[in-house]
Amino acid sequence: MYTNPDSILHCLSFYYHMHGSNIGALNVYTMAQNQKLSAPVWKRSIDQGYQWKQAKVTIAIINKFQVIFEAVAGSSLTGYIALDDVIIIDGACQSTSSCDFEEDLCLWTNVHDSSDKFDWLRVQGSTSTQYTGPSADHTQGTISGYYIFIEINPPRQQGDNARLISQVFPASPGRAFCITFWYYLFGDEDGILSVLIVSDASHDTINSEATLWQQAGNAGKTWYSGQVNVSTVYTQKPFQVLLEGVIGSGFNGNIAVDDIAIFPGNCSTQPDTSVISGMSDLSCNFDDGTLCLWKQSKTDDFDWTIARQSTPAAGIGPDTDHTGPAYSYIYLESSRPQKIGDKADLISTALPPTPGLGSCFSFWYHMYGPSVGALSVYTTIYGRQSLRWTRSGTQGDEWKQVQLTMISNDDYQKCVILRQTCVVTHSNPLVCGGTILQEQIIVEFQIIPWAQKKVII
């Protein structure tokens, strides 16, 4: 029991290390003397990367109190949760929701969980990219001031990304938040700067990210003000803010950020051109050689591949994509070394509730071969998967379209999953073959009445 004779606020500080798949959760509780345990004041779950991270929590109990750390085991034995340097000091914790980077990264940390390729750097003065970076920070407007930026010189390549993630903000049901910051995007071949929300996820939730703000290209040789509204859709559970920079087509560009603040209250997202609609995040034709905002799962057995011509397995894949020979598609080759039960998951970002009577999710697929397996579409809400559509076995040597009405009052995700099956023959006890392909994953902003829900085959 911690004695508080002066009836003042206290700051709890500690370092935590959470790494591995399906590791469960770490909860922190504060409990006044003779009181029952209530909701946690701090919580984090899933893999946090192979690094120590600091957390701070203000304790507002003015009587005697206890601090309780609770580790909840997940479904796997391949991870761990560790604590170190637990300190309680007099006075409230300093505000950690704003950072000018003058002293350090505050409680922002680079992500080290294989979801990015390199790190954000804290620098002062001009960047190493000549003529494209800021000559001074935004806070002081001098060469002695600090800001963060991503280094885009070799060995970096187009599409490489760097991610910086905030501390965990506690659940605030019914309360919106506003993120303000200053950004610098300049250069002929600049990349993309995005702001995402990472909702608290349990060990069995496959994805919890939603892109709320994005800017790309050359914005001019100056610092610009950015602003993001985080609606109550994303604050029902503990959440984090994630900054992502993606390298463009060359090395003649720069992305920098300064003076970030996160505080309660509504605000308009600025500039207007940066507003991201959750449903539009799904649209992708793969023609630029990327998966757009879809992600390869980290917990499956193999990955989807982007192709432009016919697939490596002769005679079972299409000659071209659905649009024509000059365009791309994604495919799964289910031949050896894949084995029975292997799966490849392609996962969307977290999506806000659907409007009105729902939204139309449309895609084209090609399934052809003697033992092609299964193609399925799932939605995931609060970690629970629901099957929305599935096909198995050969469907003929042609592209076919699917349209599904998606209706949800909660945040949800779409997950496209292949589950391979194999057949037994007289000549070979185990035969795996066939190809599954997808092209033009599209969400159309058209409302389809529920009674007219359709699957086109």
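Look a little higher up for the structure.
Residues numbered from 1 in each chain as written. Predicted model: local features only at pLDDT ≥ 70, side-chain atom pairs only at ≥ 80, totals over all residues. Heavy atoms only, no water.

Draft legend 1. Examining the state of the cysteines more closely. Scanning the model with the defined rule gives two disulfides in all. There is a disulfide in this structure between Cys99 and Cys106, and the S-S distance comes to 2.1 Å. The disulfide joining Cys99 to Cys106 has a torsion of about 85 degrees about its S-S bond and is therefore right-handed. Two residues share a disulfide in this structure: Cys178 and Cys267, whose sulfurs sit 2.2 Å from each other. Since a negative S-S torsion denotes a left-handed disulfide, the Cys178-Cys267 link at about 95 degrees is right-handed. Placement of Cys178 in strand E12 (residues 177-187) and of Cys267 in the loop between strand E17 (253-264) and strand E18 (295-296) is noted, with a sequence separation of 89 residues between them. The same class applies to Cys178 and to Cys267, which are both buried. (Disulfide = S-S within 2.5 Å. Helix = DSSP H or I, 4+ residues; strand = E, 2+ residues; numbered from the N terminus. Buried < 20%, exposed > 50% of the residue type's maximum accessible area, 1.4 Å probe, protein only.)

Draft legend 2. Main features of the sheet that holds strand E8 (residues 109-110). Sheet architecture is open: five strands sit in the order E8-E11-E16-E13-E14, paired in antiparallel fashion. Two strands bound the open sheet, and with one partner strand each, they are E8 and strand E14 (209-216). Here E8 runs beside strand E11 (residues 161-165); their pairing, made up of two bridges, is antiparallel. Opposite Asn110, over in E11, you have Leu164 as the bridge partner. (Pairing = 2+ DSSP bridges.)

Draft legend 3. Expanded view of the pattern of salt bridges. Applying the stated criterion across every chain yields a total of three salt bridges. Between Asp160 and Arg156 there is a salt bridge, with its nearest N and O atoms 3.4 Å apart. The exposure class assigned to Asp160 is buried, which follows from its relative accessible area of 11%. With relative accessibility at 21%, the residue Arg156 sits in the partly exposed group. Residue Lys343 is joined to Asp345 by a salt bridge in which the shortest nitrogen-to-oxygen separation is 3.9 Å. We classify Lys343 as partly exposed; its relative accessible area is 22%. (Salt bridge = Lys/Arg side-chain N within 4 Å of Asp/Glu carboxyl O.)

Draft legend 4. Region of interest: the nonpolar core. The biggest cluster of nonpolar side chains holds 33 residues, and the ones touching the most others in it are Trp120, Ile179, Phe181 and Leu243. Considering every element that reaches this core, the biggest residue donor is E12, with five residues. The contacts of Leu243, once residues within four sequence positions are left out, are Trp108, Trp120, Ile148, Ala162, Arg163, Leu164, Ser194, Val195, Val257 and Ile260. Listed in part, the 21 residues of the second largest apolar core include Phe286, Leu291, Leu332 and Ala344. (Core = buried A, V, L, I, M, F, W, Y, C linked by side-chain atoms within 4.5 Å. Contact = heavy atoms within 4.5 Å.)

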